[in-house]
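Below, each chain spelled out in residue letters.
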Amino acid sequence: MDTRKYADHFTGVLAELGYSHCFLLPGGATMHLVDAARQQMITVPFVHEVSAAIATEYFNEISEAGRAYSLVTAGPGITNAMTGIAGAYLESRDLLIVGGQVKSADLKAEGMRQRGIQEIDGVALVTPITKGAVRIESPLADDEVVALVSLGLTDRRGPIFFEFCLDAQGAPVQHTEPKTEGFNAGPSSGMVSNAHSAAERIAAELRSAQRPLVLIGGGVSHHVASQLSDALASMNIPLMTTWNGFDRIPDSHPLFAGRPNTWGQRSANILLSQADLVVALGTRLGIQQTGFNWQEWTKARVVHVDVDPQELNKAHPQVDVSLQADADTVLELLAAQVFSPPASWFAHCTGVRAQLPLIDPANAHGAGFLSPYELVDQLSKAMAVGDILIPASSGSGQFVPMEVFRSKPGQRVITNKGLASMGYGLAAAIGAALAAPSRRTVLVEGDGSFSQNIQELGTVAVHQLNLKVVLLDNDGYASIRTTQRNYFGGAYVGCDTATGLGFPDWTQLAQAFGIPVITLDANGLESSAAQALLDAPGPAILIAKVDPEQTYFPKVASQVAPDGSMISNAISNMSPPLDDDTAKRVAHLEVGS
């Protein structure tokens, strides 16, 4: 009988399912899987497992040909990858993790802490943050593998985890062709079927509304939104996007009306409060989106479309109509129709956006420093159609681009705010750059967050990725510093070099990896040196000196109540308050009021 190792057959099944890349950190507990990946996949080694997992998530968000999976060893390989698993779970993204495990004979008995070397129960650890997790102690049938991989790619996506005992990897199996019947990488038939009745209900709501808005989230795929761009322009309904839906509607789209959020655009938050109908499509409407004062998120009638019934029924914010359906199909059906809300409503939306600049004039910084808002504005002008922007996953490196960056058709903009973990940016940008090597990837990241994964500059350098890093050097953790200043009277701890943090000389660090680097002058990204570096092939780091006391407005203010609880304003009531004249102009409604 012609036999092969099960690791070879399993990897062949993944290849048949469309996986082309393996992001890995080799280990003894995955030796057979590593050898199989070497022969059947494009293998990309990382210095740390957390980076491999994060890069895998972002690769799969960008790639139009092939998918990646992460391969990590037992014990610390799995625990290191868990941050990436958690991030993909919260953002409902595709992430397949294959982990090692000791031989099945060495697995601990119930009640024991450990028996095998580096043994830890990976399935128990990741089950709460995956859609499916299984330990393989002996070879699985192909249909079991296909079913579990499909689960991660169907409806609300999420991570899938295979934990492989070492003897199962090396077990001999009959050499047969992989069987992948039944594989599904899209919406279930039920969610597609539901979409038709959902679209009919929404269309009726839109026809009766005077001030409608459609809020598009990450549950609408970039591919579908791009294909529908012209059709959406004929709907005559103002379109907004969540942060995860950022690149679904470019800022240049004729119906684009902004990005509302706790750290969103003031104009979009105000318009949201003035609407009489909000159709939230493919977004879970989490607290980051609605604000902590979710009771005052909007006074509009809300129609919420999502694939997850738990999100539809969580009771915050208040929703009038909940529809469980595939968001892509709903949008396709709505885009085929034309609606006729009063023209004055869209004129009002345009006017409000014109009255409220994206860069709030209240922001200030000291002499000799660059404004992160102006830098992102310059970046909007410098980036071309087809470029990829990766904002950081927390802090000013994230919310400043989310507020200020003006996207163009064909650009991708991806972040991970659910976990809001520092250290995501570089690994995420590596994944994006590997997925689209012919395109330019630009990362905006703060120095504190960048420090947490700087080892992966080696991965950038060895692959000579076309990746540009705009590094906001503000001597630490700006968000933490702001919190300690605003709520604790400037009693700083653990937020900058003066309170114990240590950072490298960024120029010397870049040079150590052989990566071109400059410190931006007063012209920022508009200097000839910066433009030349942005346009040159390969990696580069552009250091921007940002005032540690830089202000970040507008924002939703909160106050500490006498009992220690926090009281937050509605997201439409951002600080600093508008002057009376501007407030009156943006509040003036000619439609249905």
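Throughout, residues of each chain are indexed from 1 in the direction in which the sequence is written. Given that this is a predicted model, residues contribute local features only at a pLDDT of at least 70 and side-chain atom pairs are listed and counted only at 80 or more, while totals for whole chains, interfaces and linings are drawn from all residues. Calculation of side-chain values draws on the structure's entire complement of heavy atoms; hydrogens and water are dropped beforehand.

Caption draft 1: Highlighting the layout of surface pockets. Site definitions follow a grid-based scheme: protein atoms alone, a 1 Å grid, a 1.4 Å probe that fits but cannot get out for cavities, and for pockets an open set with protein on both sides within 12 Å along at least five of seven lines, plus lining residues having an atom within 4 Å of a point. Grid points are joined across faces, edges and corners, and a volume is the space filled by probe spheres set on the points. Taken as a whole, the second largest pocket encloses approximately 1,000 Å³ of empty space. Lining the second largest pocket we find 39 residues, and of these Trp263, Phe399, Ser479, Thr482 and Thr483 sit closest to its centre. The helix count covers DSSP runs of H or I at least four residues long, the strand count covers runs of E at least two residues long, and both are numbered beginning at the N terminus. The set of elements that each furnish at least two residues to the lining of the second largest pocket consists of helix H12 (287–290), helix H17 (396–404), strand E16 (441–446), helix H19 (447–450), helix H21 (478–488), strand E20 (558–560) and strand E21 (566–568). The element that contributes the greatest number of residues to the lining of the second largest pocket is H21, accounting for eight residues. Classifying every residue of the lining of the second largest pocket by side-chain character gives 14 nonpolar, 20 polar and five charged. In this count, Pro and Cys sit with the nonpolar residues alongside Ala, Val, Leu, Ile, Met, Phe, Trp and Tyr, while Asp, Glu, Lys and Arg are called charged and the others, Gly among them, polar.

Caption draft 2: Quick look at the pattern of salt bridges. The rule for a salt bridge is simple: a side-chain nitrogen of Lys or Arg has to be within 4 Å of a carboxyl oxygen of Asp or Glu. A full pass over the atoms with the stated rule returns 23 salt bridges. Salt-bridge contacts for arginine 38 lead to aspartate 35; the nearest nitrogen and oxygen are separated by 2.8 Å. With arginine 38 and aspartate 35 both in helix H2 (residues 31–40) and three residues apart, this pair spans about one turn of that helix. With relative accessibility at 53%, the residue arginine 38 sits in the exposed group. For aspartate 247, the salt bridge is made with arginine 412, and the minimal N-O distance between the two is 2.7 Å. Residue aspartate 247 is found in the loop between strand E10 (239–241) and helix H11 (266–274), and its partner arginine 412 is found in strand E15 (residues 412–413); the two are separated by 165 residues along the sequence. Each member of the pair aspartate 247 and arginine 412 is classed as buried. Through salt bridges with shared partners, one network takes in Arg156, Asp308, Glu311 and Lys314. Partly exposed residues are those whose accessible area sits between 20% and 50% of the maximum for their type, while under 20% is buried and over 50% is exposed, using a 1.4 Å probe and protein chains only.

Caption draft 3: Just the packing of helix H1 (residues 6–16) against helix H6 (residues 142–153), in detail. Under this scheme, a helix contributes an axis fitted over its contacting stretch, all axes are lines through C-alpha atoms, and angles between N-to-C directions fall in the 0 to 180 degree range. Running from amino to carboxyl end, H1 crosses H6 at an angle of 45°, the nearest separation of the two axes being 11 Å. Relative to H6, the element H1 lies oblique. Crossing angle aside, the handedness with which H1 passes H6 is right-handed. Between H1 and H6, the contacting residues are Tyr6, His9, Phe10, Val13 and Leu14 on the first element and Asp142, Val145, Val146 and Val149 on the second. Note on terminology: angles under 35 degrees are roughly parallel, angles over 145 are roughly antiparallel, angles of 65 to 115 are roughly perpendicular, and the others are oblique. In this scheme the handedness of a crossing depends on how the near helix is turned from the far one: anticlockwise by less than a right angle means left-handed, clockwise means right-handed. Any two residues whose heavy atoms approach within 4.5 Å at even a single point are treated as in contact.

Caption draft 4: A look at helix H16 (residues 372–382). Of all 11 residues making up H16, eight are buried, and the element is well covered by its neighbours. Turning to H16, its buried residues are Pro372, Tyr373, Leu375, Val376, Asp377, Gln378, Leu379 and Ser380. Turning to H16, the residues buried within the fold contact strand E14 (388–391), H17, E16, strand E17 (467–473) and strand E19 (540–545). Polar contacts here mean pairs of N or O atoms no more than 3.5 Å apart (in protein, one a potential hydrogen donor and the other a potential acceptor; neighbouring residues in sequence count only if both atoms are side-chain atoms). The opening residue of H16 is serine 371, an N-cap whose side-chain oxygen sits 3.2 Å from the backbone nitrogen of tyrosine 373.

Caption draft 5: A nonpolar patch on the surface, seen in detail. Distance thresholds for patches are 9 Å for like charges and 5 Å for nonpolar side chains (Val, Leu, Ile, Met, Phe, Trp, Tyr), applied to residues having over 30% relative accessible area and no salt bridge. Only the protein chains shown count as cover for residues, with accessible areas throughout obtained via the Shrake-Rupley method and a probe of 1.4 Å. A cluster of nonpolar side chains, namely Tyr487, Phe488, Val560 and Met566, defines an oily patch on the protein surface of about 400 Å² accessible area. Turning to its location among the elements, phenylalanine 488 is positioned in helix H21.

Caption draft 6: Local environment of the packing of aromatic side chains. Centres within 6.5 Å are what make two rings of Phe, Tyr or Trp a pair, Trp counting through its six-membered ring; a difference in plane orientation under 30 degrees is then read as stacked, over 60 as edge-to-face, and the rest as tilted. If you walk through the whole model with that rule in mind, you get 13 aromatic pairs. Judged by centre distance (4.7 Å) and plane angle (75°), the ring pair of phenylalanine 10 and phenylalanine 164 falls under edge-to-face. Of this pair, phenylalanine 10 sits in helix H1 while phenylalanine 164 sits in strand E7 (residues 159–165), placing them 154 residues apart in sequence. Each member of the pair, phenylalanine 10 as well as phenylalanine 164, is classed as buried. With centroids separated by 5.3 Å and ring planes inclined at 50°, the aromatic side chains of phenylalanine 23 and phenylalanine 46 adopt a geometry described as tilted.

Caption draft 7: Expanded view of the sheet that holds E14. Two strands are said to pair when DSSP picks up at least two bridges between them. Taken together, the six strands give an open sheet; going across it, the order is E15-E14-E16-E17-E19-E18, and neighbouring strands pair in parallel fashion. If you trace the sheet from one side to the other, it starts and ends with E15 and strand E18 (517–519), each paired once. Pairing analysis gives four bridges linking E14 to E16, with the strands arranged parallel. Bridge assignment links isoleucine 390 to a residue of E16, and that residue is leucine 443. Strands E14, E15, E16 and E17 of the sheet are contacted by H17, whose axis makes an angle of about 130° with E14. Sheet strands touched by helix H23 (residues 528–535): E17, E18 and E19. Its angle to E19, the strand with the most contacts, is close to 145°.

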